[in-house]
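# Structural features, examined
Listed below are the residues making up each chain.
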Amino acid sequence: MSDYIKELRGLVGTRPLILPGTSVVVTDARGRLLLVKRADTGDWGLPGGFMEPGESFEQAGRREVMEETGLEIGPMRLLDVFSGPEYYYRYPHGDEVFNVTAAYVASCLGDAVPTADPGELRGAAFFEPTDLPRELLPPERPIIACYLARFGPDGRG
């Protein structure tokens, strides 16, 4: 959790915060999707996270992919912006958020293997779009569904 969010939490406790962030649908050369297994929830999701003050959505996405997985990504294309009541989430420790997520699509550069940041993640791996884990983080499901509806399981749309 960023120092900025920790400071906000110190002021408001676990009450709902509206937090802008980015998720990135990262694909490899085979069209597989990169997912990360979060340490805080135990669910799989897309790499990404909340913006830092002064950061753009794209900067946040690129930073989070690198921090969480060690992977460099190519150009980012906006998939869509996701917000509303279905993006409410209550973390296991009680913090509540309404996510406002700018979701991007990008390709992994090279054949690098993701390395999960042990401070945030329990794992990182590429999955076939037709064989995703069942334990997907609820706010990520509509983003992945949007990607698959637009680009199909082979990523070519």
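In what follows, the structure referred to is the one given above.
Read on for a plain summary of the structure.

All right, on to the environment of Arg32 then. Tracing the sequence through the fold places Arg32 in the loop between strand S1 (17-27) and strand S2 (33-38). In sequence terms Arg32 and Ser107 are 75 residues apart; their C-alpha atoms lie 9.9 Å from each other. The contacts of Arg32, once residues within four sequence positions are left out, are Val26, Thr27, Phe126, Phe127, Glu128 and Pro129. For Arg32, the side chain forms a polar contact with the side chain of Asp28, separated by 2.6 Å.

Let us now look at the pattern of salt bridges. Scanning the entire structure with this criterion turns up nine salt bridges. In this structure, Glu96 engages Arg90 in a salt bridge whose closest nitrogen and oxygen atoms are separated by 4.0 Å. Because the salt bridges share partners, they merge into one network encompassing Glu55, Arg63, Glu64 and Glu67.

With that settled, the discussion passes to the side chain of Glu96. Counting through the fold element by element, Glu96 comes out in strand S7 (residues 96-107). Residues contacting Glu96, with those up to four places away along its chain left out, are Arg9, Thr14, Arg15, Pro16, Leu17, Tyr88, Tyr89 and Arg90.

Right, let's get into the side chain of Thr101. Here Thr101 shows up in strand S7. In this structure, Thr101 is in contact with Gly21, Thr22, Ser23, Asp80, Val81, Phe82 and Ile143, ignoring residues within four places of it in sequence.

A word on the nonpolar core. In this structure, Val25, Leu35, Leu79, Ile143, Ile144 and Tyr147 are the most contacted members of the largest nonpolar core, which totals 18 residues. Contributions of two or more residues to this core are made by S2, strand S5 (77-82), S7 and helix H3 (141-151). Sort the elements by how many residues they give to this core and H3 lands first, with five residues. Apart from the residues within four sequence positions on either side, Leu79 is in contact with Val25, Ala103, Tyr104, Val105, Ile143, Cys146, Tyr147, Arg150 and Phe151. Grouped together as the second largest cluster of nonpolar side chains are 12 residues, Val65, Ile73, Ala102 and Ala106 included.

Right, let's get into helix H2 (residues 57-69). The first and last C-alpha atoms of H2 sit 18 Å apart over 13 residues, in line with the 18 Å expected at 1.5 Å per residue. Within H2, burial applies to Ala60, Gly61, Glu64, Val65, Glu68 and Thr69. All buried residues of H2 project into a common sector of 130° when viewed along the axis, lining one side. Turning to H2, the residues buried within the fold contact S1, S2, strand S4 (48-50) and strand S8 (121-127). Among the residues trailing H2, Gly70 stands out with phi positive, at a value near 75°.

Calculation rules
Residues numbered from 1 in each chain as written. Predicted model: local features only at pLDDT ≥ 70, side-chain atom pairs only at ≥ 80, totals over all residues. Heavy atoms only, no water. Helix = DSSP H or I, 4+ residues; strand = E, 2+ residues; numbered from the N terminus. Contact = heavy atoms within 4.5 Å. Polar contact = N/O pair within 3.5 Å; in protein donor to acceptor, adjacent residues only side chain to side chain. Salt bridge = Lys/Arg side-chain N within 4 Å of Asp/Glu carboxyl O. Core = buried A, V, L, I, M, F, W, Y, C linked by side-chain atoms within 4.5 Å. Buried < 20%, exposed > 50% of the residue type's maximum accessible area, 1.4 Å probe, protein only. Expected span 1.5 Å × (residues − 1). Arc of directions from axis to C-beta.

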